[in-house]
Amino acid sequence: MSDAAVTVEHVSKKFRMYQERNDSLKSAVMNRKKSVHEDFWALKDVSFEVPHGQTFGLIGKNGSGKSTLLKCLAKILWPESGEITARGKQASLLEVGSGFHPELTGRENVFLNGSILGMSRKEVTRKFDDIVSFSGVGHFIDQPVKNYSSGMYVRLGFSVAIAVTPDILVVDEVLSVGDATFQKRCRDKFAEMKADGRTVILVSHSMGTVRDMCDQVAWLDRGELQVVGPAKRVIDAYTSTV
């Protein structure tokens, strides 16, 4: 058995792209024809391993399959074929405000999101002050999150995700939102997690961020894995083609 934190084995994922679609049974009967679609393969036979205790980066142009792969890792999407094995407790932050209810306050959403991620109410209460402090939301914590900026959303969501103390943290462009102070907190937290033997899987379009933070990198292009290996080597190969 592999001792990797995450193993991705021959993963493929497709979406249906409709050219003509029947929106109801009635339209299908009236039109007397089937919906017309073609398959778009977002991931094509992708395989790699993420070592324990490393920060692992996913890079590639827009539409390369990075976000689809992260959603498969987070079990939001299921691949058509292949298998993803994660060894340890996993937390994911893939979208701004994911898991938040816009009508609830920041405080209420911390408890709601914490419970979704597997924390007890007692545990959230114990960690609440640290979550708010890390996010920098401050006195806005008792305001409805629908009034938050996108930066406040992602800062609070990230703060809850890391409070779970996951063995594996999956994050999508979290460092692209927030000021320099919050970005430094994130970097320091990733370094702390690495020192504790935890694993971070990070998507970023900032090659500087990936170069500074990641040990290993996988480069995707049009759904296919191009190169996986040490960060500098993979980044240099990628940037030479852009």
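Up top you'll find the structure we're talking about.
About the thresholds
- Residues numbered from 1 in each chain as written.
- Predicted model: local features only at pLDDT ≥ 70, side-chain atom pairs only at ≥ 80, totals over all residues.
- Heavy atoms only, no water.
- Core = buried A, V, L, I, M, F, W, Y, C linked by side-chain atoms within 4.5 Å.
- Buried < 20%, exposed > 50% of the residue type's maximum accessible area, 1.4 Å probe, protein only.
- Helix = DSSP H or I, 4+ residues; strand = E, 2+ residues; numbered from the N terminus.
- Contact = heavy atoms within 4.5 Å.
- Phe/Tyr/Trp six-rings, centres within 6.5 Å; stacked < 30°, edge-to-face > 60°.
- Lys NZ or Arg CZ within 6 Å of the ring centre and 35° of its normal.

> What am I meant to see in the nonpolar core here?
Soluble, globular proteins show a tendency: their nonpolar side chains are buried together. Counting 26 residues, the largest nonpolar core has Ile-59, Phe-158, Leu-169, Val-171, Phe-190, Val-210 and Val-217 as its most contacted members. In this structure, Leu-43, Val-46, Leu-58 and Ile-201 belong to the second largest nonpolar core, which totals 23 residues.

> Where do I start with the side chain of Lys-13 in this structure?
In this fold, Lys-13 is placed in strand 1 (residues 6-20). Take Lys-13: its relative accessible area is 10%, and that puts it in the buried class. Those residues in contact with Lys-13, other than ones at most four positions away along the chain, are Phe-40, Trp-41, Ala-42, Leu-43, Thr-68, Leu-77, Trp-78, Pro-79 and Glu-80.

> Is there a simple way to think about the environment of Ala-237 in this case?
Tracing the chain through its elements places Ala-237 in helix 8 (residues 231-239). Relative accessible area serves as the criterion here: at 26%, Ala-237 is assigned to the partly exposed category. Sequence separation between Ala-237 and Gln-226 is 11 residues; the distance between their C-alpha atoms is 9.5 Å.

> What is the right way to look at the packing of aromatic side chains in this model?
Any two aromatic rings considered together are summarised by their centre-to-centre distance and by the angle between their planes. A full pass over the atoms with the stated rule returns 9 aromatic pairs. Seen from their ring centres, Phe-134 and Phe-182 are 6.0 Å apart, and the 75° between their planes marks the pair as edge-to-face. Taken together, the positions of Phe-134 in helix 4 (residues 121-135) and Phe-182 in helix 6 (residues 180-195) put the pair 48 residues apart, joining distant regions of the chain. Comparing Phe-134 with Phe-182, the two get one shared label, buried. With 6.3 Å between their ring centres and 75° between their planes, Tyr-148 and Tyr-153 make a pair best called edge-to-face. Here Tyr-148 matches Tyr-153 in class, with each residue buried. The rings of Phe-134, Phe-158, Phe-182 and Phe-190 are connected pair by pair, giving a single aromatic cluster. Above the plane of the ring of Phe-15 lies Lys-13, whose end atom (NZ or CZ) is 5.4 Å from the centre.

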